[in-house]
Amino acid sequence: MLATFIRQVYRDETEMIPLYIQECYREGRYSGTFAAWTLFFDVSGFTPMTEALMDHREEGAEWLSSILNAVFAPIVQRIYAWGGFITTFTGDGFTVVFPVDKQPNPVSVLHCIHEMMHLAEEHKSHKTPWGKFETACKAGLSRGDVEWLIAGKTERTFFFRGEGIQRCVNAEKFAQRNQIILDEYFVTELPSELKCLEQILEGSSETTFFRLTQAPSDAIEPPFVPKPAILDVELAKSFLPDSLIEHDNPSEFRNVVGLFISFGGLEEKNELDEWAQLLLRLAMKFSVFINNIEFADKGGVVLCVFGAPTSSERNVEHALEFCVNLRLAIQELAIFEKLRFKLGLSYGIAYAGYIGGRERSHYTILGDQVNLAARLMTKAPVGEVWVTERVYRYTNENYKYDFAGDFHFKGKSKGESVYALRGRRATLAKHFWGSFVGREEALSQLLEQVLNLSEGRRTNVTIVYGDGGLGKSRLFQSYNGCLYHVMRSSENLSIHSFIYSLATLAYPMSFLLTKTVSALSCTFPEWSSGVGIWGTPSQKKSVWSGWSDSWPESLLLRPFCTFLRLKNCTMSWIPNCAMRIP
């Protein structure tokens, strides 16, 4: 499939970390400043496309992945051909810098951005089996100093900031659809005879803005040939989670928690380094992927992702614990006395996958729920953690909230009820709410095994396996709720506890057997009367199928057979699949 090829290329032959940062890290340089032409490039239209394709699950994700690649790959290639590099991806937009010492000619930058806009225009219409979608773009250009910092100790992150970054982001705000806006800091460096600019009236009294009306008349060729990127695995381990380095991560729609953190008041490098170290420590503790740290005109923003690229059983709870612990740490550490922060959190289905091209890519999440988290962050008062009603309903038995009000957000036809997180309650308990959706076939398979027992057929063990957070616990809760009604015609109602105990014991026993097989370097033959083992290496989970009378002679399986006191046992499996919790 195309998406499989794309993610393999992105993982092995692309810069998931800017080459500039890699070179500085190898040289032992962890901060610096350089003058640059700066560009903020924004592509619109992917949010409604994502929401529409989401209903079509794997096939929809394949289509979205291929469209993202078709739009971004040629644009990214032109950036690197003209001497620039992407510092940060922000949703479906990104920031580019052209270091002046590498690209001293501002006219070349204008040629680059004009080619980028032309490529975006060529790929603006996207036909899918479920309709046609349109994308558009706009850009802001400026010039100024760019400061960079590699933060952390064992675990690392990086970011770019400075007046150059702030100015191009501000210029883009005055751009309409398919427009390129330049500010006076860029224009003053252009040749005076250039006739492709038009001053616009919008803007503050301090800054004058101009619109690029056409490409510069002089024809010049890009001065650089982008080199194929090769992932430096050892270096990447300092900056990226292992799941992005060692495994193929499918482009998919999955349940994720998006957490946006706005912060300001930290200006010194040591303060920013301490802030980044705190985030990285909490990220390790609560299984969060620090997607990026960016700076704009109103301070810094951090996007934290729970549930992608890998998931856990308690993504929402981990996100809330992250928020609670972050707030406590800020209160306890004197270095954060001047820190101003606020958080926005939402939970739902989003697209998780790669965006960019061969020269530079980024693993991120896209969708309406992600945008909603960002808007909650923007609206929240300083020091507050705002969450959606869905998060509140899912966790209010375990966490304390205050009702913050009903708000109308951009892109939403109805008002959203918003809640402010106050802290955790004395005890935490797992609770599921909402109707059971998307697992009916799996539930039927479970209940069918129970019917086999009630009708006097041979004993059967069913192991349900899959990545964390895909709904195994929710499946067994619904299974328990249905079991009495299915079995009430049977004389043996004690089968309830027996079946549930097998489900509870399945994972630890499978884990131990997998470890034993791995240690002995054994390979099981996939006979119809033998054993087949499947599993994802990152999760260390496995499942057996076809265990029949001819196999119990195995010394490896005999302890398992004895422990459960089963005879003539067959084993079946239920494959994992995406589950949508309403």
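Scroll up for the structure.
Everything numeric in this text was worked out from a predicted model, so none of it was measured.

Participant: I keep staring at the overall build of the protein and nothing clicks. Help me out?
Facilitator: When its secondary structure is counted, the protein shows 17 helices and 22 strands. Across the 582 residues that make up the protein, the buried fraction comes to 54%. Nonlocal contacts in the protein, meaning residues at least 24 apart in sequence, comprise 74% of its contacts between residues at least 6 apart.

Participant: What's the story with the side chain of S142 in this structure? I'm lost.
Facilitator: With respect to the helices and strands, the residue S142 is situated in strand β6 (residues 136–152). Judged by relative accessible area, S142 falls into the buried class, the value being 0%. A distance of 2.6 Å separates polar atoms of two side chains, one belonging to S142 and the other to D183. With residues up to four places along the chain from it excluded, the contact list for S142 reads A36, W37, T38, G164, R167, C168, D183, Y185 and F186.

Participant: Please clarify how the environment of T128 should be interpreted in this entry.
Facilitator: Position of T128 among the secondary structure elements: in strand β4 (residues 125–128). Along the backbone, T128 and L53 are 75 residues apart, and their C-alpha atoms lie at a distance of 9.0 Å. Apart from residues no more than four positions distant in its own chain, T128 is found in contact with L53, W63, I67 and F133.

Participant: Would you mind showing me how to read the packing of aromatic side chains here?
Facilitator: One pass over the full model with this rule turns up 29 aromatic pairs. A ring pair is formed by F263 and W275, whose centres lie 5.3 Å apart and whose planes are at 45°; its orientation type is tilted. On the criterion of sequence distance, the pair formed by F263 in strand β11 (residues 252–264) and W275 in helix α10 (residues 269–285) is long-range, its members being twelve residues apart. Among the aromatic side chains, those forming a connected cluster through ring pairs are Y20, Y25, Y30, F34, F85, W148, F158, F160 and F239. Above the plane of the ring of W37 lies R143, whose end atom (NZ or CZ) is 5.1 Å from the centre.

Participant: What exactly am I supposed to notice about the nonpolar core here?
Facilitator: Soluble, globular proteins show a tendency: their nonpolar side chains are buried together. Among the nonpolar cores identified, the biggest contains 88 residues, and F41, F94 and I113 are the most heavily contacted of them. When residues of this core are assigned to their parent elements, the largest contribution, ten residues, is made by helix α4 (residues 57–81). What F41 contacts, discounting residues up to four positions off in sequence, is I75, G93, F94, I113, M116, M117, C137, K138 and A139. In this structure, W275, A283, I330 and L345 belong to the second largest nonpolar core, which totals 47 residues.

Participant: What should I look at first to understand the pattern of salt bridges in this one?
Facilitator: What the rule picks out here adds up to 16 salt bridges. A salt bridge links K138 to E172; the shortest N-O distance between them is 3.6 Å. With K138 in strand β6 and E172 in helix α6 (residues 163–172), this pair connects stretches of sequence that are 34 residues apart. The exposure class of K138 is partly exposed, given its relative accessible area of 23%. Between K338 and E271 there is a salt bridge, with its nearest N and O atoms 3.5 Å apart. Note that K338 is positioned in the loop between α11 (315–332) and β14 (340–356) and E271 in helix α10, a separation of 67 residues in sequence. A relative accessible area of 9% places E271 in the buried class. A single network of salt bridges, built from pairs that share partners, joins E147, R161 and E267.

Reading the values: rules and limits
- Counting restarts for each chain: residues are numbered from 1 in the order of the written sequence.
- Thresholds applied to this predicted model are a pLDDT of at least 70 for local features of residues and 80 or more for the giving and counting of side-chain atom pairs; totals over whole chains, interfaces and linings are not thresholded and use all residues.
- The basis for every side-chain value is the complete set of heavy atoms in the structure, and neither hydrogens nor water enter the calculation.
- The helix count covers DSSP runs of H or I at least four residues long, the strand count covers runs of E at least two residues long, and both are numbered beginning at the N terminus.
- With a 1.4 Å probe rolled over the protein chains alone, any residue whose accessible area is under 20% of its type maximum counts as buried; one over 50% counts as exposed, and the rest are partly exposed.
- Whether two residues touch is decided by their heavy atoms; if any such pair falls within 4.5 Å, the residues are in contact.
- Polar contact criterion, stated in full: a pair of N or O atoms within 3.5 Å, where within protein one must be able to donate a hydrogen and the other to accept it, and residues adjacent in sequence count only if both atoms are side-chain atoms.
- Only Phe, Tyr and Trp rings take part, Trp by its six-membered ring, and two of them pair if their centres are within 6.5 Å. Stacked means planes under 30 degrees apart, edge-to-face means over 60, and tilted covers everything else.
- Charge-over-ring placement is defined geometrically: NZ (Lys) or CZ (Arg) within 6 Å of the ring centre, and within 35 degrees of the ring normal.
- Here the nonpolar core consists of buried residues drawn from Ala, Val, Leu, Ile, Met, Phe, Trp, Tyr and Cys, with membership extended through side-chain atoms lying within 4.5 Å.
- Salt bridge criterion: a side-chain nitrogen from Lys or Arg within 4 Å of a carboxyl oxygen from Asp or Glu.

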